[in-house]
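Structural characterization, general
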2 protein chains.
Amino acid sequence: MKRKITLKQIARELDVSISTVSKALRNSAEISDDTKQKVQAFAKLYNYRPNNIALSLKNRKTKTIGIIIPEIVHYFFAKVIRGIELVANRRGYNVIIGLSNESFNKEVINMEMLANGSIDGFVLSISKDTLAQQDYHHFYETINQGMPIVMFDRVVNEVNCDKVIVDDLKGSKKAVNKLIENGCKNIAIITTKDYVSVGKLRTQGYLEALEDHGIEPQSDLILKIVEELDSEDHLEDLEAEIEQLFKENKKIDGVFAVNELYALTAMKIARKLKKKIPEDIQFIGFTDGVLSKHATPSLTTVSQHAQTMGEQAAELLIDKLENEDDEENYQTVVIETELIERESTK
Amino acid sequence: MKRKITLKQIARELDVSISTVSKALRNSAEISDDTKQKVQAFAKLYNYRPNNIALSLKNRKTKTIGIIIPEIVHYFFAKVIRGIELVANRRGYNVIIGLSNESFNKEVINMEMLANGSIDGFVLSISKDTLAQQDYHHFYETINQGMPIVMFDRVVNEVNCDKVIVDDLKGSKKAVNKLIENGCKNIAIITTKDYVSVGKLRTQGYLEALEDHGIEPQSDLILKIVEELDSEDHLEDLEAEIEQLFKENKKIDGVFAVNELYALTAMKIARKLKKKIPEDIQFIGFTDGVLSKHATPSLTTVSQHAQTMGEQAAELLIDKLENEDDEENYQTVVIETELIERESTK
DNA sequence: TTACCTTGCGAAAACGTTTTCGTGTTAAAA
DNA sequence: TTTTAACACGAAAACGTTTTCGCAAGGTAA
């Protein structure tokens, strides 16, 4: 087991100085061709590679970007990561991942951990917990220390930084418009509580679409799920709530759900209640998921282009890292959604 | 925008030496209580945190583990990562991720990149490309340089390192046994070509289960899908192959599929052919996926405990990193599978 | 008074680089 | 012969830590 070779060792073996070795390897004009050849041959033989940590310390940049997300076992986030990794790699960066697990504390700890020199900047999506508590001091502090942040999907306006978001409002309008065009008269929405910004926006899109078509929104057709029921572990509770919605509103003929799980669960209940999809009732979800495609019937959905979001976020961050000039010039990139029609709509 | 504060700056402000500051912060007995208090108060005020990169360089360890996986948009791998991250974090480590995208070259480049000081060790799953080419020099070199590797799921015996694997053979025997017990007489298997090691093992388990029950295997009930049809993009071709299987063997009353996609596609075809699930035909898949749970009918499946795999792999790696003693003592941990019964079986 | 011990702190090395600046040697120009 | 310039290389600083060692001042024991 031989340790990695260093400049110092090469220098000692070849009886030259460390500086000479360094310069020879970087093909400096200062060094004679003879010496260069000798050094380069030796370095190749021993497979010399500069130590990244030493370079990071010297250059005060790590060529690494930190990703903080609430959850990795989630198609949307996984796709975003893929996008980030793609452009990061292309531009010579590595990615290091921290999971907040939707917890404020873990988000803070992870960020503090990474901010102490390990990375050059963050790409992140805010945890639900943080959104609920509305405590953003860790973002401010990070930015204040000169470390750029790019937020995606779950962002918060009051923090001044680059952002990449989905046009949630327009996307959900698209979906609800579709349902209306398809003849639905009583469209329900299954959404989250308002403090989840995307939930709020999607609800707003739903309301605007109805209004645009002169339909009076009915509060009993709006089901706001509490966050705790969001996970896979509380499926039964979620099912119960949705079943109640359907039973109390038998005339529902269209459902817009703000995520895949809500949509699929709703379809399940509908089937249980002997409703035919899409004849009796039509469904549209909002997400970039696997489930939609393989569900029975397959689910019409508003696609968010998750990978594109990741790519854009990474580009924004690296641009900022490499151009010290446009310091305070923050952008918000809006990614257009796309309605993918499948079997759950007519 | 104030940069992060360093020991040197604190020393200058307080008019003491850097050593004194360092010792005071670590509560060294060498330093008087007066000075300690002064320094610690100042450090807290300016929120001093040691620079990770400098520590890494000094200690020659980064407290970071590198993960190399073929693909992140994949429930199984995402769950493994979650497991790794969980124990890594608990034990004070960060994780940095490289995606090989199933390519040999990207695997090599990513590993070389990270091996130059950025991480202390690897947790990885080998790309298909690498398995096909059977070129493992990058693993040997990494290990030779004193950097430990833990392989999971897709491993290769000839490389000497810690491993975490699923008992594929036993798992598929369990599945096929279940089908037999449930009364299936003509059980088909939908699997991959043999060079994918897990596919081979699962096929073997299928054959052994049949043999154990005195059932003669029929070659026309064994469908080996070429890898190219594996992706979501070639669903139609996959469907065609499966439809042909069903049409040529009308007596099939049980199907064991080595992954989720094959199983769901097969169920789709069965429905199309007006077969009732599970009355006419029963299905079992092999995976830790979301699809199984939410499919209609939901799919009975052999769970691999992906998260546990990740946890075990991380524990193995960190143990090795922190005990220089048992250098050459490599383990292979086998994770037991679990049959999760759902609606696709009686 | 001398010898010795304790206390409290600083200098310096080390981790592995890159880069600036200085310097000795040789050859060309004056 | 003297001056100058080009050439080839080395010393040292810097990035931010931790740690070993040395040392001065003051106190105590002989």
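Residues numbered from 1 in each chain as written. Chains lettered and ligands numbered in written order. Predicted model: local features only at pLDDT ≥ 70, side-chain atom pairs only at ≥ 80, totals over all residues.

A few words on the overall build of chain A. Helices and strands together make up the secondary structure of chain A, namely 14 helices and 12 strands. Relative to the globule expectation of 20 Å for 346 residues, the C-alpha radius of gyration of chain A, 26 Å, shows a markedly less compact shape. Principal-axis analysis of the C-alpha atoms places the extent of chain A at approximately 90 × 40 × 35 Å. Counting the 346 residues in chain A, one finds 46% classified as buried. In chain A, 73% of the contacts between residues at least 6 apart in sequence involve partners at least 24 apart. (Helix = DSSP H or I, 4+ residues; strand = E, 2+ residues; numbered from the N terminus. Rg over C-alpha atoms; globule rule 2.2 N^0.38 Å. Buried ≥ 20, exposed ≤ 12 C-beta atoms within 10 Å, placed from the backbone. Contact = placed C-beta atoms within 7 Å.)

Looking now at the domain arrangement of chain A. Segmenting chain A into domains produces domain 1 (7-50), domain 2 (62-165 + 307-335) and domain 3 (168-304). One C-alpha centre belongs to domain 1 of chain A, the other to domain 2 of chain A, and the line joining them spans 39 Å. (Domains from an automatic or database assignment.)

Counting residues at the interface gives 39 residues for chain A and 39 residues for chain B. For the side of chain A that touches chain B, the secondary-structure elements that each account for two or more residues are helix H4 (52-59), helix H5 (75-90), strand E2 (94-99) and helix H13 (290-294) of chain A. When residues of the side of chain A that touches chain B are assigned to their parent elements, the largest contribution, 6 residues, is made by H5(A). Within the side of chain A that touches chain B, the residues separate by chemical class into 19 nonpolar, 13 polar and 7 charged. Where E2(A) meets strand E2 (residues 94-99) of chain B, 3 bridges bridge the pair, whose relative direction is antiparallel. Directly across from Val95(A), in E2(B), lies its bridge partner Ile97(B). (Nonpolar A, V, L, I, M, F, W, Y, C, P; charged D, E, K, R; others polar. Pairing = 2+ DSSP bridges.)

In the vicinity of DNA strand D there are 25 residues, among which Ser17(A), Ser19(A), Thr20(A), Leu7(B) and Ser19(B) approach most closely. Elements supplying a minimum of two residues to the surface near DNA strand D: helix H2 (18-25) and H4 of chain A together with helix H1 (7-14), helix H2 (18-25) and helix H4 (52-59) of chain B. Class assignment of the residues belonging to the surface near DNA strand D gives a composition of 10 nonpolar, 9 polar and 6 charged. (Near = placed C-beta within 6 Å.)

A few words on the sheet that holds strand E12 (residues 338-340) of chain A. Residues and elements named next belong to chain A. The strand order E7-E6-E8-E9-E10-E12 describes an open sheet built from 6 strands, whose pairing is mixed. At either end of the open sheet lies a strand with only one pairing partner, and these are strand E7 (222-225) and E12. Neighbour-to-neighbour, the strand axes of the sheet open up by a mean angle of 20 degrees, direction not taken into account. As paired elements, strand E9 (residues 282-286) and strand E10 (residues 300-303) share 3 bridges and run parallel to each other. (Axes fitted to C-alpha atoms, helices over the stretch in contact; angles between N-to-C directions.)

Residues and elements named next belong to chain B. Taken in spatial order, the 6 strands line up as E7-E6-E8-E9-E10-E12 in an open sheet, and their pairing is mixed. The open sheet terminates on both sides in strands that have one partner only, identified here as strand E7 (222-225) and strand E12 (338-340). Averaged over all pairs of adjacent strands, the angle between their axes in this sheet comes to 20 degrees, without regard to strand direction. For strand E6 (residues 187-192) and strand E8 (residues 254-257), the ladder comprises 4 bridges, and the chain directions are parallel.

Turning next to the nonpolar core. In this structure, Val123(A), Ile190(A), Ala266(A), Val123(B), Ile190(B) and Ala266(B) are the most contacted members of the largest nonpolar core, which totals 173 residues. The contact partners of Ile190(A), leaving out residues within four places of it in the chain, are Leu223(A), Ile225(A), Ile242(A), Val255(A), Ala257(A), Val258(A), Tyr262(A) and Ala266(A). (Core = buried A, V, L, I, M, F, W, Y, C linked by C-beta atoms within 7 Å.)

So, on to the UniProt feature "domain: HTH cro/C1-type" (unreviewed entry) in chain A. UniProt annotation of "domain: HTH cro/C1-type" (unreviewed entry) refers to residues 2-53 of chain A when read in the numbering used here. Split by type, residues 2-53 of chain A is 60% helix and 0% strand. Its first and last C-alpha atoms lie 19 Å apart. (UniProt positions renumbered as here; feature names shortened; annotations may be inferred.)

Right, let's talk about the UniProt feature "domain: HTH lacI-type" (unreviewed entry) in chain A for a bit. With numbering matched to this structure, UniProt assigns "domain: HTH lacI-type" (unreviewed entry) to residues 5-59 of chain A. Within the segment residues 5-59 of chain A, helix and strand shares are 67% and 0% respectively, and the terminal C-alpha atoms sit 21 Å apart.

For the rest of this paragraph, the subject is the protein's contact with DNA strand C. Near DNA strand C you find 25 residues, and of these Leu7(A), Ser19(A), Ser17(B), Ser19(B) and Thr20(B) are the closest. When grouped by side-chain class, the residues that make up the surface near DNA strand C number 10 nonpolar, 9 polar and 6 charged.

Let us now look at the relation of the copies chain A and chain B. With an RMSD of 0.6 Å, chain A superimposes on chain B once it is rotated by 180 degrees and translated 0.3 Å along the axis. Seen this way, the second copy is the image of the first under a two-fold rotation axis. Among all residues of chain A, the minimum C-alpha distance to the rotation axis is found for Ile96(A), at 2.0 Å. Interface overlap between copies is the fraction of interface residues in one copy that are interface residues in the other; for chain A against chain B it reaches 100%, indicating a shared surface. (Least-squares fit on C-alpha atoms with pLDDT ≥ 70 in both.)

Every α-helical turn comprises 3.6 residues, leaving residues that sit three or four positions apart pointing alike. Between its first and last C-alpha, helix H3 (residues 33-45) of chain A extends 18 Å over 13 residues, near the 18 Å set by a 1.5 Å rise per residue. Positive phi shows up at Asn47(A), right after H3(A), with a value of about 55 degrees. (Expected span 1.5 Å × (residues − 1).)

Another aspect to go through is the packing of helix H11 (residues 235-248) of chain A against helix H12 (residues 260-272) of chain A. Residue and element names in this part refer to chain A. In contact at an axis separation of 9 Å, H11 and H12 are set at 60 degrees when each is read in the N-to-C sense. With respect to H12, the axis of H11 lies oblique. Seen along the crossing, H11 lies across H12 with a hand that is right-handed. Of the residues in H12, those in contact with Leu235, Leu238, Glu239, Ile242, Glu243 and Phe246 of H11 are Thr265, Ala266, Ile269 and Ala270. A class-by-class count of the residues in the contact of H11 with H12 yields 7 nonpolar, 1 polar and 2 charged. (Parallel < 35°, antiparallel > 145°, perpendicular 65-115°, else oblique. Left-handed = near helix turned anticlockwise from the far one by under 90°.)

Here we take up unusual backbone geometry. In this structure, Pro278(A) follows Ile277(A) across a cis peptide bond, with omega equal to 5 degrees. Tracing the sequence through the fold places Pro278(A) in the loop between H12 and E9. Following Thr296(A), the chain continues to Pro297(A) via a peptide bond in cis, the omega torsion being -10 degrees. Along the polypeptide, Pro297(A) turns up in the loop between H13 and E10. In this structure, His305(B) is a non-glycine residue whose phi angle is positive, near 55 degrees.

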